[in-house]
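These are the residues of each chain, in order.
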Amino acid sequence: MSYELERLLVNVLFMLLPLFIFQMFWLDKDRVNSNLKTPGFAIMLSISLIICMSFPIEFFPGFHFDLRHVLLIIGALYGGYYFSSWLFITVFAYRFFLGGDGIYVNFFVISSICLCVPLLSNRYSKLKLYQKVLITIIIAEIAAVLVILLSYLVLQTPFEIQPISIKYFVVQGLSMGLVVYLVETMKYNAQMRKELIKAEKMSILTQISASISHEVKNPITITQGFVEALEDEDSKERRKEYVGYILEELQRAQNIIYEFLALTKPEFDSMTSINISKELSYSVNLMKPFAKSHKVKIEVDNIDDQCMILGDRQKIRQCFINLIKNSIEAMENGGELWIKANKNSNRISIDIIDNGVGMTPNEVSKLGTPYFTTKEEGTGLGMMIVFNIIKTMKGEIKVESEKGKGTKFMITFPLAS
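Sequence positions are assigned chain by chain, starting from 1 and proceeding in written order. Where local features are concerned, this predicted model is filtered to residues with pLDDT of at least 70; where side-chain atom pairs are given and counted, the filter is 80 or more; whole-chain, interface and lining totals use all residues. Side-chain numbers here rest on the full set of heavy atoms in the structure, without hydrogens or water.

Novice: So, unusual backbone geometry: which residues are in play, and what are the values?
Specialist: With a phi close to 60 degrees, K295 is a non-glycine residue in the positive phi region. Labels follow the DSSP assignment, with helices taken as runs of H or I lasting at least four residues and strands as runs of E lasting at least two, numbered in each case from the N terminus. With respect to the helices, strands and loops of the structure, K295 is situated in the loop between helix 9 (276-293) and strand 4 (296-301). Remark: exposure states derive from per-residue accessible area (1.4 Å probe, protein chains only) relative to the maximum for the residue type, with buried under 20%, exposed over 50%, and partly exposed in between. For K295, a relative accessible area of 68% gives the class exposed.

Structure follows, in structure tokens:
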């Protein structure tokens, strides 16, 4: 490879490097708008110009070339006259500093670029990518031909067609197309990132709204069941017990709303020692009227009264209620729900088993993901919350299910020391 061609390719590198730096430290960090009309982008173009002009290529005696026109055209098209003025001053200040012949020829060509090219800026922004690449290549080649022609006419510089001069025209055109493609890709990626962030925020808002509706619906449904049971209950003690359940469920609904209104707080403000057996028994008793209305019989077995874990009482109740409710609803024609709890060494295992519709392996694998549900009117957020609660309390949940035969939820928690 000839020395001149090496210099030419070094120009290409110096021209591209500041663009990548601008993307990494400005665009990728969302510090600027994706339209690129920012001082940061103008500064990066200026740095590229200065470096390219510091390493020119001599085509023939007394005649030097570099890729400054590529950067000037980019600045004029994407920054309009604001960028053109900045880059015009930069080029001529540094050109006078370097000295030598050809200053006035360069002055004419660069002035033409800085005055005429910005006129195309508005129309250029509406073109398709391939049209932008094609137009900028044509402008770049015209500028190169114009410099050589004026040098020949004004300065009487002899023009010799050599392989390096032909390679220059090829490299200038390819560089122009490459830079436009990269700049457009930078803009597109920056805009898409902002759109994705906006879409993500809307998705979170939708999930929160659906989750609030889903979670508040549970205590309201339970409360409704106890209110209906009050009408048919004559025992004072039973009525008092039902009223207690109603008040607790209303309080739970209120707590759920407060939690969603305080999203900036940690999910668990404090972890206290709770009796997991009592919370499971409480949740089972709470769900019995709901189970009865669905013709489901709940069977409880082997619950040790002295199993303590670290957790949040309201959260664990919410978890059990969601699981029991889902199991009951899975038994469309009624059935039996078995709940077992076994203490094993330093862990407690809780099994919730139904003989409902069951799930396929694919459906089981998707449990706990937003918006996946096997119910017609479900949101999938209830199971997502269950999985998150269990995970936060350092527990584990496994699911075994077979279509048409039922589902088994296996939950384990570490016992408190």
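From this point, the narrative continues.
Novice: Please set out helix 9 residue by residue, giving values where relevant.
Specialist: The length a helix should cover is 1.5 Å for every residue beyond the first. With 18 residues, helix 9 ought to run about 26 Å at 1.5 Å a step, and its terminal C-alpha atoms sit 26 Å apart, in line with that. Working definition for bend: take the seven residues up to and ending at a residue and the seven starting at it, fit an axis to each, and measure the angle between the axes. Residue M287 marks the point of greatest curvature in helix 9, where the axis turns by about 40 degrees; the proline P289 follows within four residues. Among all positions of helix 9, only I276, S277, E279, L280, Y282, S283, V284, L286, M287, F290 and A291 are buried. The opening residue of helix 9, the one whose side-chain oxygen lies 3.1 Å from the backbone nitrogen of S277, is N275. Two residues or fewer past helix 9, K295 is found with a positive phi of approximately 60 degrees. Identification of polar contacts relies on pairs of N or O atoms within 3.5 Å, with a donor-acceptor requirement for protein atoms, meaning one able to donate a hydrogen and the other able to accept it, and with residues adjacent in sequence counted only if both atoms are side-chain atoms.

Novice: Talk me through helix 10 (residues 313-330); I want residue IDs and the actual numbers.
Specialist: Here helix 10 is 18 residues long and its end C-alpha atoms lie 26 Å apart, about the 26 Å a rise of 1.5 Å per residue gives. Put simply, D312 is the residue that caps the front of helix 10, since its side-chain oxygen is 3.0 Å from the backbone nitrogen of Q314.

Novice: Account for the packing of helix 9 against helix 10, naming residues and giving values.
Specialist: Think of each axis as a best-fit line through the C-alpha atoms, taken over the contacting stretch in the case of a helix, with angles from 0 to 180 degrees between the N-to-C directions. In the contact formed by helix 9 and helix 10, the axes pass within 9 Å of each other and the chain directions differ by 40 degrees. For the element pair helix 9 / helix 10, the angle class is oblique. Handedness of the crossing formed by helix 9 with helix 10: right-handed. Between helix 9 and helix 10, the residues in contact are I276, E279, L280, Y282, S283, V284, L286, M287, F290 and A291 and R313, I316, R317, F320, I321, I324, K325, I328 and E329, respectively. Three classes are used: nonpolar for Ala, Val, Leu, Ile, Met, Phe, Trp, Tyr, Cys and Pro, charged for Asp, Glu, Lys and Arg, and polar for all others, with Gly counted as polar. Of the residues assigned to the contact of helix 9 with helix 10, the class counts are 13 nonpolar, 1 polar and 5 charged. Any angle that is under 35 degrees is reported as roughly parallel, and any over 145 degrees as roughly antiparallel; angles of 65 to 115 degrees are reported as roughly perpendicular and all others as oblique. For a crossing to be left-handed, the near helix must be turned anticlockwise from the far one by less than a right angle; the clockwise case is right-handed. Throughout, a contact is declared for two residues whenever any of their heavy atoms are within 4.5 Å.

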